[in-house]
Amino acid sequence: MSTITSVAGDAASSGGGDASTGEGTALSEGRRASRWATLLAPPGQPRWERPATLALLIATAVVYLWGLGGAGWGNGYYAAAVQSGTRSWKALLFASLDPQNSITVDKPPAAMWVMGLSGRIFGFNSWSMFAPQALMGVAAVVLLIAAVRRWAGPAAGLIAGAALAVTPVAAMMFRFNNPDALMLLLLVAGAYCTVRAIDARGERFWSGSTGWLVGAGVLMGFGFLAKMMQAFLVLPGLALVVLVAGAGGWRTRITQLASAGVALVLSAGWYVALVELWPAGSRPYIGGSTSNSLWELAVDYNGLGRVLGNKNGGAHRPTPPPMPTPDPAQHADPSQMHGGFGGFGSQPGLTRLFSGELATEFSWLLPAALIALIAGLWLTRRLPRTDRVRAGLLLWGGWLLVTAAVLSYMSRSFHSYYAMELVPAMAALIGIGATQLWQRRSHLAARGTLAVISLATGGWSFVLLHRTPEWLPWLRWTLVALSVVAAAALLIAPKLPRFALAIGVFALLAGLLGPTAYTLETVAQVHNGGSPTAGPPRSEHGGGPGQRGGVADPQITDLIEGSDTRWAAAAIGAQDVSSLELSTGKALLAVGGFSGRDDSPTLAQFQQYVADHQIGYLLVRQRQESGQDNNSQGGQPNAGQPSNPQSGRNHSGGGRDTQPSGADPQPGRGGDAPQSGPGNSESDQSTSAQITAWVKANYPVTMIGSVEVYNLNP
């Protein structure tokens, strides 16, 4: 509009002569071209930087957002909590598994807040739940580019952003509804604030540097509210770079770190205090804890207990496969789903990150990152303390090494997608190291190191692709050939100055081709269950929560949908509950929480719920073991028994005569509050076992398929 006004004004002042009009038009076009030139390449920036960055971000957004409407429910456990949050503000606040607020999921609520608010705004569906996760991925790429660029230049930032975007585990988890996506975004944002803090002017405590560090502490605190103690694995790397490269003396730097620590405690602690001070009787039970305490959940189950393998806490045991229920996302192709609960990681040890499917999910560029870290530290060994390139190597190197060490030796409930936390640091180190070596390519040692990186990446890609030999068998040989060509070209780059840029781009693309192909295959799959895996489907993955489990008997769904009680039904463990909640829209009570081992509800509470007619049915899956009668095991709930998550067995209670499917239940035993049955006084029984035994002793059973259905309101 301003251009049109300018042209019109020029024409009016000159009486509308053709010459004046032509001059005005030419001037307008010149100004427009100047604006576009400034927009695409601001002063001091290379002309290619902004277009290349925009292209990367657009491509990342397209890949991450593609097909989310048909992606099913992902992890049904968290999807049910998100759905509950769209129906109850209290359920949203506490991340309750059901809208009636009986028990929470076993993670803090920050990720559920984001997805729940999206569901309230756009309506609860697959797209509204997954789209915020995908946008978090794009934002993480932006922040990583910005953080690396400030200290290592635009090329390093762009390489780092591309490496993050095309790593398979990152693409998978930014299209999934686990809390890891929000955690990673907050951690990268915290690293960016740390970079800005070191760049800020002023050597006094009260300076911009302290403000940026306080901001980093706040972000880390909210990272705790996303995934608890896992968010703190990057803190040593961030603290190290402040102590080594920060402005001012030791006292100033330590005081600034202390201020960031206070901000972290406050930003994480307010919610812990809220939960602890909230009357326990008017909030849901904290799932995963043994004492209804969020602090215990953070320190043990989601903290030191996972690292050290403590056996405290009752909710860490894997559950058996869920009872068959209708797939809530019928538009998702079951043949393309893979994931489940069969991926509790490999054995702890130094080689864990290089073994099995875990390595194929994230480690494509790990050898290159380690070589780049070592080379970069050698190149910057004699530079001043505050050198920014070395500061970047310390920040991202500390992040990578500490996190890798903890994940390598984590003793309990390790999932392969935890390696997502390593990806930003790995990508940043590749960007920094590659560009520093490229700038010194006139030296044979630098060119030789680049060639080694290229060969190592190609060779490791061959090893990873060989683990799925049936998928694109030609690709691994192609990558080896490209890496050899790239290495040779890098060695002779100074002799071909006209083609130097082309050689560098070719080597970069050759290194990224393997993870990019794996990522595209990953986003083409529908990932459901509690332990999703990247890459092509593998036959060894069995069913899991949210996955196909057979053809469901519609009678179960009809019973749930026809119930008008507070909880339409109860079931042992959260997996059956979550899948039925998603398919029927009704609230169900998860006896024992995630695994059936939490002390919620107690037997007395459950009896009172039944007496008040607040629960319609109890659903118990039969024990199905080859060569054993289904009714040979009595008094134990389905999730109360240790089980192999990869087996096809369902562990459930028996011990009572059962009726054929569809048979009418026997008349109730009378009384508003039936008396306790045998077995519920045994001290070694879990609460869910006591509840199951009591119901079996007092209520009739109807068999629907392999599910025992107890009508609690006969």
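Everything discussed here concerns the structure shown above.
Residues numbered from 1 in each chain as written. Predicted model: local features only at pLDDT ≥ 70, side-chain atom pairs only at ≥ 80, totals over all residues. Heavy atoms only, no water.

1. Some points on the overall build of the chain
Within the chain, the secondary structure is distributed over 25 helices and seven strands. Relative to its 714 residues, the chain shows a buried fraction of 57%. Excluding contacts between residues fewer than 6 apart, the proportion of contacts in the chain whose partners are at least 24 apart in sequence is 73%. Of the accessible surface of the chain, which amounts to about 28,200 Å², a share of 62% is contributed by carbon and sulfur atoms. (Helix = DSSP H or I, 4+ residues; strand = E, 2+ residues; numbered from the N terminus. Buried < 20%, exposed > 50% of the residue type's maximum accessible area, 1.4 Å probe, protein only. Contact = heavy atoms within 4.5 Å. Areas by Shrake-Rupley, 256 points an atom, 1.4 Å probe, with all protein chains shown as cover.)

2. Describing the layout of surface pockets
The computed volume of the largest pocket comes to approximately 1,000 Å³. Looking at the largest pocket, it is lined by 37 residues, and the ones nearest its centre are A155, I159, G504, V505 and L508. Elements supplying a minimum of two residues to the lining of the largest pocket: α3 (49-65), α8 (154-165), α16 (366-379), α18 (423-439), α19 (444-466) and α21 (500-523). With 10 residues, the top contributor of residues to the lining of the largest pocket is α21. Considering only residue class, the lining of the largest pocket consists of 28 nonpolar, nine polar and no charged. If you add up the space inside the second largest pocket, you get close to 320 Å³. (1 Å grid on protein atoms, 1.4 Å probe; cavity = no way out; pocket = protein on both sides within 12 Å on 5 of 7 lines; lining within 4 Å. Points joined across faces, edges and corners; volume = space filled by probe spheres on them. Nonpolar A, V, L, I, M, F, W, Y, C, P; charged D, E, K, R; others polar.)

3. Some points on the sheet that holds strand β7 (residues 707-711)
Across the sheet, which stays open at both edges, the five strands sit in the order β4-β3-β5-β7-β6 with mixed pairing between neighbours. At either margin of the open sheet sits one strand with a lone partner, and together these are β4 (588-591) and β6 (701-704). In this sheet, neighbouring strand axes are inclined to one another by 25 degrees on average, regardless of whether the strands run parallel or antiparallel. In this sheet, β7 lies alongside strand β5 (residues 617-621) in antiparallel orientation, the contact comprising five bridges. Within the sheet, the bridge partner assigned to Y617 lies in β7 and is N711. The sheet contacts of helix α25 (residues 687-698) involve β3 (569-572), β4, β5 and β7, and relative to β7 the element is tilted by about 70 degrees. (Pairing = 2+ DSSP bridges. Axes fitted to C-alpha atoms, helices over the stretch in contact; angles between N-to-C directions.)

4. Here's the deal with helix α7 (residues 126-152)
In an α-helix, one turn spans 3.6 residues; hence positions three or four apart end up facing the same way. For α7, which comprises 27 residues, the first-to-last C-alpha distance of 39 Å matches the rise-based estimate of 39 Å (1.5 Å per residue) to within 8%. With respect to burial, α7 is a largely interior element, 19 of its 27 residues being buried. At the N-terminal end of α7, a side-chain oxygen is found 3.1 Å from the backbone nitrogen of W127, two or three residues along, and the residue is N125. Phi turns positive, to about 100 degrees, at G153, one or two residues after α7. (Expected span 1.5 Å × (residues − 1). Polar contact = N/O pair within 3.5 Å; in protein donor to acceptor, adjacent residues only side chain to side chain.)

5. Side note on the pattern of salt bridges
In the structure shown here, the tally under the stated rule is seven salt bridges. Between D106 and K107 there is a salt bridge, with its nearest N and O atoms 3.6 Å apart. In this pair, the class of D106 matches that of K107, namely buried. With a shortest N-O distance of 2.9 Å, R621 and D576 are connected by a salt bridge. With a gap of 45 residues between them, R621 in strand β5 and D576 in helix α23 (residues 574-584) connect regions that are remote in the sequence. (Salt bridge = Lys/Arg side-chain N within 4 Å of Asp/Glu carboxyl O.)

6. Digging into the packing of aromatic side chains
Summed over all chains, the structure comprises 21 aromatic pairs. Ring plane angle 75 degrees and centroid distance 5.8 Å describe the contact between F354 and W460, whose orientation is recorded as edge-to-face. You can see F354 sitting in the loop between β1 (337-339) and α15 (356-362) and its partner W460 sitting in helix α19, a full 106 residues away along the chain. On the basis of relative accessible area, F354 is assigned to the partly exposed category, the value being 32%. W460 gets classed as buried once you look at its relative accessible area, which sits at 15%. Here a set of aromatic residues connected by ring pairs shows up, and it is made of Y77, Y78 and F594. For R120, the ring lying beneath its charged end belongs to W89, and the centroid distance is 3.6 Å. Cation over ring: R352 sits above F414, and NZ or CZ is 4.1 Å from the ring centre. (Phe/Tyr/Trp six-rings, centres within 6.5 Å; stacked < 30°, edge-to-face > 60°. Lys NZ or Arg CZ within 6 Å of the ring centre and 35° of its normal.)

7. Here we look at the packing of α19 against helix α20 (residues 473-491)
Where α19 contacts α20, the two axes come as close as 8 Å, and the packing angle between them is 180 degrees. As the angle between them shows, α19 and α20 are arranged roughly antiparallel. Contact residues: R447, G448, L450, A451, S454, L455, G458, S461, F462, L465 and H466 in α19; L475, R476, W477, L479, V480, S483, V484, A486, A487, L490 and L491 in α20. In terms of residue class, the contact of α19 with α20 is built from 14 nonpolar, six polar and two charged. (Parallel < 35°, antiparallel > 145°, perpendicular 65-115°, else oblique.)

8. Looking at the side chain of S128
Note that S128 resides in helix α7. Given a relative accessible area of 1%, S128 falls into the buried group. A distance of 2.7 Å separates the side chain of S128 from the backbone oxygen of G123, its partner in a polar contact. Beyond its immediate sequence surroundings of up to four residues, S128 is in contact with M115, S118, G119, F122 and G123.

9. Examining the pairing of β6
Residues V701 and M703 point to one face of β6 and T702 and I704 to the other, with burial holding for every one of them. Pairing between β6 and β7: four bridges, direction antiparallel. From the neighbouring strand, I704 faces β7, where its bridge partner is V707. Connecting β6 to the antiparallel partner β7 that follows it, the hairpin turn spans two residues, and G705 within it adopts a positive phi of roughly 65 degrees.

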